[in-house]
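Spelled out from the first residue to the last, the chains are:
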Amino acid sequence: MLGIENSVDRRMRPRPNTRVNLESLMSNESSRTSSSRSSSPSNRSPSPVQSEYIPPEAVKEESTVQVCLRLRPNLKNNPVRLAFRIQDNTLLARGSDDNSTERQYTFSDIFNDSVSQAQVYESCIRPSISNITGDRGATFLTYGTSGSGKTYTLLGTNNSPGIVPRAIEQVFVENSNLISPQPNLKIDKTTIQTLDDESVRDEINKVQAMKRILQNRDNSHVRMKSIIQKEHAFHPKEDPDLRVFIWVSFVEIYNENVYDLLAHDSIFGKRKPMKILSNEGNAYIKDLSCVYAGSSEDAYNILQFGIQSATYGSTDVNSNSSRSHSIFSMTVVSFSVVDQQINYSVYKFCDLAGSERLKKTGTVGDRLKEAQKINTSLLVLGRCLETVYKNQKSKKLAEIVPVRDSKLTMLIQSALLGKEKFTMIVNLYPTEEYYDENLNVLNFSSIAKQIVLQKKMTQKHHRSTRFSFFLAQATSSPSARIDGNRLMMEVERLKQELEHEATVYREQLNEKELENQFLRQELLRQELQLRNELTDDFESYCVQREATFQTRLKQAQEAAALPYKSQIATLNTKVEKLRETIMDMEYEEEEYEKKLAAYQEELRKYRDKERRFRRLTTKST
């Protein structure tokens, strides 16, 4: 039994699949009028009008993971046969055997050994961090064999900065007018946290403590900043409504344990593994040190502090080989003052440890254990990419992406699952000696290149309804064209009325703005007058209070001096009595002196008489 036709619904009503575009219909009315006059209405059948249906492919904006290839220069003295050739954006690989099949690998960009760090950054990194308020973030990953130049691409040198110093300079230069000097907003467990004054001081002290601890501190930042500014044209943004807060974190994954490189005890070797947790599908590290960077110099010092704590070792392939995966993250928090909205973007820069063959690297003991852990985590990363690719190609039930099988994939799962931008820079040492290792790297990257990141666009999907059928029938009749002309005239009239009303409203708006401006000035004047009155009242109140206090002070002084006044009066009376006594005694003393003088005179006279009497007696004898 044949099924019901698609143009008929369950109630046997017409349900055409086409829709009518009135605007295009009316605009083409004049061109269709001449052709309609030559044909009779009875001989015409209503032709279907073109639908505005948007296919599902147009609803999504698809883009593959950006995978770039960079070739390291051959630095050995003895020239060796190169096993790779570049043809546009395709790498051609052929082994030493002449009968071997030539393999082709396509990349987003291929950079030969003469391409500078600035060119790599402009092509791969800069477009992904130009918009801090619209994107969730991005993950940048360097991958390759040991000694292929991954760390050089990521960090570079003082004279040839890598993508991390350039990204730091871009973020801070473009937001130089927007960066807040105080770390008031912070991301804590994937949520926004407002810091109080004490916490703000603590965050500022963290950076200062790192600068004091940092060893071999020099002016390399100034030199690198000058080089980057010459090679790139970063322009500051102007947005007075926006405030930006930049936080930096730095971790490493060593032997499948996550360590915080910015913790103060990490530089002394007392490190503890950290836990990775998840909040609504977003992975974060518990108790991770997140340091506020108020300038590019602060961010560069924080980076150098973390590099000193990273784990490096020597192998037969590389004398200073990274023995861990390191992830440097910049979290850019933006706050809109007007809208009171907060957005944040997280930019992760991952320096993966090199994939190794134990036979060539000669690793034993601890180096062997490190290499096994590195290869295991890289294998899990490859499985995740392969699973994502299979899920996109297969229409069956999607497989679970094994992001929880490795600490590395747990931390970058947002990029692996297509929630944010993902850029991979594959580093290759294009010599025949490492041909097999390079093939593994290329196979790995070819899978990542085919992964499609899908972002839903804001286009609306128009649904077809049975009203479209009746509308198509109505627009095909001769009277519909007359009604259409009347409708067009009515639309024009309404447009003129709308423009007139808009003009009137604009004039009223200007008047209201002038009135508001006058009211603001009047409000300011009244506020100034009120402030002056309050100031005068407060000043008179202060004068009155001062007078009252002076009176009370005088009374208190008098009350305090009153007991002492009575004592002073009593003492004065005693003094007067003593003075009178002294005067009496002085008078008596004068009298006694006069009597004494009289007694002395009588005594002298008596003695004179006695002497004369003795002489007379002596003579008579």
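Predicted model only: the values in this text are computed from it and were never measured. (Residues numbered from 1 in each chain as written. Predicted model: local features only at pLDDT ≥ 70, side-chain atom pairs only at ≥ 80, totals over all residues. Heavy atoms only, no water.)

Colleague: I would appreciate a short explanation of the nonpolar core in the present structure.
Modeller: As a rule of thumb, nonpolar side chains are buried together in soluble globular proteins. Residues Ile125, Val164, Phe328 and Phe349 are the most contacted members of the largest nonpolar core, which totals 57 residues. Excluding residues within four positions of it along the chain, Ile125 makes contact with Val120, Phe140, Ile163, Phe349 and Ile425. Counting residues in each nonpolar core, the second largest holds 49 residues, with Val380, Val388, Leu408 and Tyr435 among its members. (Core = buried A, V, L, I, M, F, W, Y, C linked by side-chain atoms within 4.5 Å. Buried < 20%, exposed > 50% of the residue type's maximum accessible area, 1.4 Å probe, protein only. Contact = heavy atoms within 4.5 Å.)

Colleague: Just to check I follow, could you spell out the sheet that holds strand β3 (residues 84-87) for this structure?
Modeller: In a beta sheet, neighbouring strands are held together by backbone hydrogen bonds and run either parallel or antiparallel to one another. Pairing is antiparallel across the open sheet formed by three strands, whose spatial order is β3-β4-β5. Strands with a single pairing partner mark the edges of an open sheet, and in this sheet they are β3 and β5 (103-106). Taking the axes of each pair of neighbouring strands and ignoring which way they run, one obtains an average angle of 25° across the sheet. With four bridges joining them, strand β4 (residues 90-93) and β5 adopt antiparallel strand pairing. (Pairing = 2+ DSSP bridges. Helix = DSSP H or I, 4+ residues; strand = E, 2+ residues; numbered from the N terminus. Axes fitted to C-alpha atoms, helices over the stretch in contact; angles between N-to-C directions.)

Colleague: What am I meant to see in the packing of helix α4 (residues 117-124) against helix α6 (residues 163-174) here?
Modeller: In a packed pair of helices, the relevant descriptors are the angle between the two axes and the axis-to-axis distance. The interhelical angle for the contact between α4 and α6, taken along N-to-C directions, is 60°, at an axis separation of 10 Å. By the criterion of interaxial angle, the relationship of α4 to α6 is oblique. By crossing handedness, the relation of α4 to α6 is classed as right-handed. Between α4, through Gln117, Ala118 and Tyr121, and α6, the contact on the second element is made entirely by Ile163, Arg166, Ala167 and Gln170. Per-class residue counts for the contact of α4 with α6 are four nonpolar, two polar and one charged. (Parallel < 35°, antiparallel > 145°, perpendicular 65-115°, else oblique. Left-handed = near helix turned anticlockwise from the far one by under 90°. Nonpolar A, V, L, I, M, F, W, Y, C, P; charged D, E, K, R; others polar.)

Colleague: I'm lost on helix α7 (residues 197-213) in this one. Help?
Modeller: At 3.6 residues per turn, the α-helix brings residues three or four places apart onto the same side. Over its 17 residues, α7 runs 25 Å from end to end, which matches the ideal 24 Å to within 8%, given 1.5 Å per residue. Along α7, the positions that sit buried rather than exposed are Val200, Glu203, Val207, Ala209, Met210 and Lys211. Those residues of α7 that are buried are in contact with β8 (185-188), β10 (242-254), β14 (291-292) and α9 (296-309). (Expected span 1.5 Å × (residues − 1).)

Colleague: Before we go on, may I ask you to explain a negative patch on the surface in this structure?
Modeller: Where like charges cluster on the molecular surface, the negative patch consists of Asp196, Asp197, Glu198 and Asp202. With respect to the helices and strands, the residue Asp197 is situated in helix α7. (Patch = residues over 30% accessible without salt bridge, like charges linked within 9 Å, V, L, I, M, F, W, Y side chains within 5 Å. Areas by Shrake-Rupley, 256 points an atom, 1.4 Å probe, with all protein chains shown as cover. Salt bridge = Lys/Arg side-chain N within 4 Å of Asp/Glu carboxyl O. Lys, Arg positive; Asp, Glu negative; His and termini not counted. Charge placed at Lys NZ, Arg CZ, Asp CG, Glu CD.)

Colleague: So what exactly am I meant to see when it comes to the UniProt feature "binding site: ATP" (unreviewed entry) in the chain here?
Modeller: In the numbering used here, UniProt assigns the "binding site: ATP" (unreviewed entry) feature to Gly144, Thr145, Ser146, Gly147, Ser148, Gly149, Lys150 and Thr151. Looking at where Gly144 falls in the secondary structure, it is placed in strand β7 (residues 137-144). Exposure remark for Gly144: the relative accessible area of 0% places this residue in the buried category. Assignment of secondary structure puts Ser146 in the loop between β7 and α5 (150-154). (UniProt positions renumbered as here; feature names shortened; annotations may be inferred.)

Colleague: Which parts of the structure should I look at to understand a positive patch on the surface?
Modeller: Taken together, the side chains of Lys605, Lys609, Arg612, Arg615 and Lys619 present a region of like positive charge at the surface. Tracing the sequence through the fold places Lys605 in helix α16 (residues 478-620).

Colleague: Sorry, what's going on with the environment of Cys124 here?
Modeller: Within the secondary structure, Cys124 sits in helix α4. Using a relative accessible area of 0% as the deciding quantity, one classes Cys124 as buried. Along the sequence, Cys124 and Ile163 sit 39 residues apart, while their C-alpha atoms lie 9.3 Å from each other. If we ignore the near neighbours within four places in the chain, the residues touching Cys124 are Gln66, Cys68, Phe111, Phe140, Thr423 and Ile425.

Colleague: What is the right way to read the packing of α6 against α9 from this model?
Modeller: The contact between α6 and α9 brings their axes to 9 Å, and the two run at 155°. Considered as vectors, α6 and α9 are oriented roughly antiparallel to each other. The way α6 lies across α9 gives a crossing that is right-handed. In this structure, α6 contributes Val164, Ile168, Glu169 and Phe172 to the contact, and α9 contributes Ser296, Ala299 and Leu303. A per-class count over the contact of α6 with α9 returns five nonpolar, one polar and one charged.

Colleague: What should I look at first to understand the pattern of salt bridges in this one?
Modeller: Two side chains bearing opposite charge may form a pair once their charged atoms approach each other closely. Enumeration over the complete set of coordinates arrives at 17 salt bridges. For Arg604, the salt bridge goes to Glu601, with nearest N and O atoms at 2.0 Å. Placement of both Arg604 and Glu601 in helix α16 is noted, with a separation of three residues, approximately one turn of the helix. A residue is classified by how much of its surface remains accessible, and Arg604, at 42% relative accessible area, is partly exposed. By relative accessible area, which is 33% here, Glu601 ends up partly exposed. Close ionic contact of Asp608 with Arg604 constitutes a salt bridge, the shortest N to O distance being 3.4 Å. Of the two residues, Asp608 and Arg604 are both situated in helix α16; the distance of four residues between them amounts to about one turn of the helix. The network of salt bridges with common partners includes Glu601, Arg604, Asp608 and Arg611.

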